[in-house]
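Spelled out, the chains give:
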Amino acid sequence: MKTNSNQLIVNAIENGTVLDHIPSKNIFKVIDILKLESGENQVTIGMNLESKTFGKKGIIKIADRFFKDDEIGRIALLAPEATINVIKGYEVVEKKRIEIPEKVVGIARCANPLCVTNHQEIPTVFTTIRDNSKLKLLCHYCEKTTDAEDVLK
Ligand code: CTP
Ligand code: ZN
């Protein structure tokens, strides 16, 4: 562990996945969405680490676990800037960015109390809009725009 650099404040892993550049405040939501609590894999997390691009970032390291793209896609709303590092034999063998979907159907809730989706059993539909490092969702029904991290059910 290096102590003069924030890079390796959390120990390196031999094999597995490192989810980097996660907003610290969303770390536990990401852990929840990926159901890491119910797994057997060793998980280490870091919060409020210094980041060149973010101010403060969070990091989650999951030993011996490799995610499919659709699993990773589920954290897009919480961590649009995340980097997914695949680690094998202590080396980063692949570095992926999250793919932000153009539309988000059914998984988010519209923040507008008057929106029809809050009164009838219809799935929500949002168009995603990137606003610097923030992700915003434009409701298809009421056209209200909300921060993506505020609309998860
Ligand atoms: N990492 C790890 N175990 C390893 C190798 C890397 O936990 N055996 C972690 C590093 O601590 C870092 C992330 O995986 O948080 C990505 O590693 P690397 O690409 O070497 O770091 P950076 O160049 O800083 O990444 P980026 O440019 O994406 O910020
Ligand atoms: Zn709406």
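Read on for an overview of the structure. Source: prediction; values computed, not measured.

A few words now on the sheet that holds strand β8 (residues 134-139). Spatial ordering of the open sheet is given by β6-β7-β8-β9, a layout of four strands whose pairing is antiparallel. For this open sheet the edge positions go to β6 (103-105) and β9 (145-147), each flanked by a neighbour on one side alone. Adjacent strand axes in the sheet meet at a mean angle of 35 degrees, parallel and antiparallel pairs treated alike. Here β8 runs beside β9; their pairing, made up of three bridges, is antiparallel. By the bridge assignment for β9, Leu138 is matched with Thr145.

Now for the coordination of the zinc ion (ligand 2). For the zinc ion (ligand 2), the full set of protein donor atoms is Cys110 (SG), Cys115 (SG), Cys139 (SG) and Cys142 (SG), at a range of 2.3 to 2.4 Å. Each of the four donor atoms bound to the zinc ion (ligand 2) contributes to angles spanning 101 to 115 degrees, and the resulting shape is tetrahedral. Summarised as a motif, the one-chain spacing of the donors to the zinc ion (ligand 2) is C-x4-C-x23-C-x2-C. A residue pair is termed long-range when its members are at least 10 positions apart, and Cys110 in the loop between β6 and β7 (125-131) and Cys139 in strand β8 qualify at 29 residues. In terms of burial, Cys110 and Cys139 fall into one category: buried.

Below, the discussion takes up the nonpolar core. Across soluble globular proteins, nonpolar side chains have a tendency to be buried as a group. Core analysis: the biggest nonpolar cluster contains 18 residues, and Leu19, Ile22, Val30, Leu34, Leu36, Ile60 and Ile98 have the highest contact counts within it. Element by element, the count of residues in this core is highest for helix α1 (residues 27-33), at three residues. Here Ile60 is in contact with Thr17, Val18, Leu19, Ile22, Ile27, Val30, Ile31, Leu36, Val43, Thr44 and Ile45, once residues within four sequence places are set aside. Listed in part, the 10 residues of the second largest apolar core include Ala108, Cys110, Cys115 and Leu137.

The rules we used
Residues numbered from 1 in each chain as written. Chains lettered and ligands numbered in written order. Predicted model: local features only at pLDDT ≥ 70, side-chain atom pairs only at ≥ 80, totals over all residues. Heavy atoms only, no water. Pairing = 2+ DSSP bridges. Helix = DSSP H or I, 4+ residues; strand = E, 2+ residues; numbered from the N terminus. Axes fitted to C-alpha atoms, helices over the stretch in contact; angles between N-to-C directions. Donors = N, O, S within 2.8 Å, 3.2 Å for Na, K, Ca; no water. Tetrahedral: all angles 85-135°; square planar, octahedral: opposite > 155°, others 65-115°. Buried < 20%, exposed > 50% of the residue type's maximum accessible area, 1.4 Å probe, protein only. Core = buried A, V, L, I, M, F, W, Y, C linked by side-chain atoms within 4.5 Å. Contact = heavy atoms within 4.5 Å.

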